[in-house]
Every structure is written in C-alpha cells, then in structure tokens.
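Below are the chains, spelled out letter by letter.
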Amino acid sequence: MNCTSRHTASAWQRLLVLRGAAAGLLALALSACASEAQAPANSSQTLLKQIETEIGDAACSSDQQCRTLALGAKACGGPDRYIAWSTARSKADKLAALGERYKAERMAENMRSGAVSNCMFEVDPGAQCKAQRCQLGGGSGGALLR
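Keep in mind that this is a model prediction, so the values were computed, not measured.

Asks: When you look at the overall build of the protein in this model, what are you seeing that I'm missing?
Replies: Across its full length, the protein holds 2 helices and 4 strands. Reading the secondary structure of the protein in the N-to-C direction produces α-β-β-α-β-β. A total of 146 residues make up the protein; the buried ones form 28% of that total. Counting only contacts in the protein whose residues sit at least 6 apart along the sequence, the fraction spanning at least 24 positions is 65%. When the accessible surface of the protein is split by element, carbon and sulfur atoms take 59% of a total near 9300 Å².

Structure below.
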C-alpha cells in the first residue's frame, strides 16, 4: 500500500466516524425535541380541559348570563378563539385565571416551536342564550367580567 492509499483510507475512516457521530447527535437532538414538544402540549391540553370543565354545560336562562372568554394566543398576538360561558354555572375569577394560564402556556409553546399564524384579529363574537345554553354569536361582544 503506498502513501496515497493509506491517506485515502484514513480519510474515509475519519469521514465514517464523523458521519456516525453526526447521526448520533441528530438522533439525540430529535428525541429531545420530541419530548420537549409533548410536555407543553400536555400542559396546555390539561388547562383547556380545566376550562371546559369549569364552563360545563354553560346553562342559562337569559342573554345577560352569557359571556365570552378569549382563549389561547396567536403567534403574532391576540387570542386563537373565544368560548361562551354562563355566569349561572361558572366563576368569573376562576375562568379568568385559567384563561391567563392557558394563554401564557400557548405563547410559550409558540415561542418554542417557532409557530406562525395568519395574524388575523379574532373579533369577540359575543354570546347569547339559545336553547338554555350560552353560545357564541349574536351578542355585542362579551368581556369576561361584563
């Protein structure tokens, strides 16, 4: 084997070692990203379930009992959506606190994932009592504590 052959074989060995190391690092990074992405999603999902449990069936007997709660956070600001709730069934202070925690969690998830959104402003649709349930729409917009 001449000098050139030994040099070429050595270069190939180094290349194979580097490729193996790079593949290992990539696999490690991907598994870390996957576990990071799952934990926050579970946290925001848990908060959303708590909000839905607090709202329950949103039963009402008049439009005056119906309110809206802004939910989540778009990547460029503002809520993802609104949900209707009833003052006859839910506590405003508890919903406000859960809503703020959910918003903060969704903002953190957006930052971690590099999420983008359509940046369209979501208008509060208001809520009204239809068939003894608070439902979105038809109202004049509904602040949480209005």
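Asks: Explain the pairing of strand β1 (residues 66-71) to me, please; I cannot follow it from the model alone.
Replies: Each regular strand carries side chains that alternate between the two faces of the sheet. For β1, the buried fraction is high: 5 of the 6 residues fall into the buried class. With 6 bridges connecting them, β1 and strand β2 (residues 81-86) associate as antiparallel partners. Bridging across to β2, Arg67 finds its partner in Trp85.

Asks: Hey, could you run me through the nonpolar core in this one?
Replies: Nonpolar side chains in soluble globular proteins generally cluster together in the buried interior. Core analysis: the largest hydrophobic core is formed by 18 residues, its most contacted members being Ile51, Ile55, Leu69 and Leu71. Listed by contribution, the elements that provide at least two residues to this core are α1 (3-55), β1, β2, α2 (92-113) and β3 (127-130). If one sorts the elements of this core by residue count, α1 sits on top with 4 residues. Excluding residues that lie within four positions of it along the chain, Leu71 makes contacts with Leu48, Ile51, Pro79, Asp80, Arg81, Ile83 and Tyr102.

Asks: Before we go on, may I ask you to explain the environment of Thr87 in this structure?
Replies: As for its placement among the helices and strands, Thr87 is situated in the loop between β2 and α2. Placed 27 residues apart in sequence, Thr87 and Cys60 show a C-alpha to C-alpha distance of 8.0 Å. Setting aside residues up to four positions removed in sequence, Thr87 forms contacts with Gln64, Gln65 and Arg67.

Rules behind the numbers
- Residues numbered from 1 in each chain as written.
- Predicted model: local features only at pLDDT ≥ 70, side-chain atom pairs only at ≥ 80, totals over all residues.
- Heavy atoms only, no water.
- Helix = DSSP H or I, 4+ residues; strand = E, 2+ residues; numbered from the N terminus.
- Buried < 20%, exposed > 50% of the residue type's maximum accessible area, 1.4 Å probe, protein only.
- Contact = heavy atoms within 4.5 Å.
- Areas by Shrake-Rupley, 256 points an atom, 1.4 Å probe, with all protein chains shown as cover.
- Pairing = 2+ DSSP bridges.
- Core = buried A, V, L, I, M, F, W, Y, C linked by side-chain atoms within 4.5 Å.

Remember that the coordinates give geometry; whether it matters functionally is a separate question.
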